[in-house]
Amino acid sequence: MSGGLLAVIDMQRVFADPGSPWATPRFAEAAQGVRRLLPAFGDRVTFTRFLAPDQPVGAWRAYYEQWPFALQPPEAELWRLTDEFAARDGHVLDAPTFGKWGPELAARVGPEGRLVLAGVSTDCCVLSTALAAADAGVEVLVAADACAGADDASHAKALAVMDLYRPLIRVMTVESLTRD
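Residues numbered from 1 in each chain as written. Predicted model: local features only at pLDDT ≥ 70, side-chain atom pairs only at ≥ 80, totals over all residues. Heavy atoms only, no water.

Draft legend 1. Inspection of the side chain of T129 at higher detail. Within the secondary structure layout, T129 lies in helix α6 (residues 122-135). For T129, a relative accessible area of 0% gives the class buried. At 2.9 Å, the side chain of T129 and the backbone nitrogen of K100 are in polar contact. Leaving out residues up to four positions away in the same chain, T129 has contacts with I9, F98, G99, K100, W101, L105, L115 and L117. (Helix = DSSP H or I, 4+ residues; strand = E, 2+ residues; numbered from the N terminus. Buried < 20%, exposed > 50% of the residue type's maximum accessible area, 1.4 Å probe, protein only. Polar contact = N/O pair within 3.5 Å; in protein donor to acceptor, adjacent residues only side chain to side chain. Contact = heavy atoms within 4.5 Å.)

Quick look at the structure:
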């Protein structure tokens, strides 16, 4: 099932580094799934990066009071894509929000497009992006084995929640997404 845009959500050092407060335990497994997806999408790939805002507002103030280490500028090492993904030429979308769905990603997908999601964390940024895109009427496919959550239970719960939105959101495997 080829076609559409692959959005690789937040494959950044802050989530890959085991010493990070935001470490995603199965990051390497998600990265392996992403590597398997990339050839099927060619240049139809967008990598996203979660970044701290210059000045948190609203509920984000309390969030960054809980995670003050993250209040670093966009060029900080923790926000960089991991080396294997940073080395790829391609489109990168930065956002100070969990969800990455917005005008820029919508323009890349198109009004009748398909959005395939992979990355981290399933229970935060992937989920937030999937729900917003589905609300906009976009067909969303989530590559379950190319995603990872804060922990296995949260990953499984997020996949189950997204699967409740069928047919708007479908949870699939990398193999089923890359079959011709």
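Now, onward.
Draft legend 2. Region of interest: the nonpolar core. Counting residues in hydrophobic clusters, the biggest one holds 35 residues, and the most contacted among them are L6, M11, L37 and W79. Going through the elements one at a time, β1 (5-9), α1 (13-16), α2 (27-41), β2 (45-50), β4 (114-120), β5 (139-148) and α8 (174-178) are the ones with two or more residues in this core. With near-sequence residues (within four places) excluded, L37 lies in contact with L6, A118, A143, A146, V174, L177 and T178. (Core = buried A, V, L, I, M, F, W, Y, C linked by side-chain atoms within 4.5 Å.)

Draft legend 3. Spatial organisation of the side chain of T48. Here T48 lies in strand β2. For T48, a relative accessible area of 0% translates into the label buried. For T48, the side chain forms a polar contact with the side chain of D10, separated by 2.7 Å. Not counting residues within four places of it along the chain, the set of residues in contact with T48 comprises V8, I9, D10, M11, Q12, L81, L93 and K100.

Draft legend 4. The arrangement of a nonpolar patch on the surface in detail. On the surface, a nonpolar cluster with roughly 370 Å² of combined accessible area is contributed by V161, L164, Y165 and L168. Secondary-structure assignment places L168 in the loop between α7 (152-163) and β6 (169-172). (Patch = residues over 30% accessible without salt bridge, like charges linked within 9 Å, V, L, I, M, F, W, Y side chains within 5 Å. Areas by Shrake-Rupley, 256 points an atom, 1.4 Å probe, with all protein chains shown as cover. Salt bridge = Lys/Arg side-chain N within 4 Å of Asp/Glu carboxyl O.)

Draft legend 5. Highlighting the pattern of salt bridges. In the structure shown here, the tally under the stated rule is 12 salt bridges. K100 is paired through a salt bridge with D10; the nearest N and O atoms lie 2.9 Å apart. Highlighted residues: K100 in the loop between β3 (91-95) and α5 (103-109) and D10 in the loop between β1 and α1, separated in sequence by 90 residues. Per residue, the accessibility class of K100 equals that of D10, and both read buried. Note that D83 and R13 form a salt bridge whose closest N and O atoms lie 2.2 Å from each other. Of this pair, D83 sits in helix α4 (residues 83-86) while R13 sits in helix α1; the two residues are 70 residues apart in sequence, bridging distant segments of the chain.

Draft legend 6. Geometry of the pairing of β2. Here β2 lies mainly inside the structure; six of its six residues are buried. Going residue by residue along β2, you find V45, F47 and R49 tucked away on one face and T46, T48 and F50 tucked away on the opposite face as well. Pairing analysis gives three bridges linking β1 to β2, with the strands arranged parallel. The residue bridging A7 from the neighbouring strand is T46, located in β2. (Pairing = 2+ DSSP bridges.)

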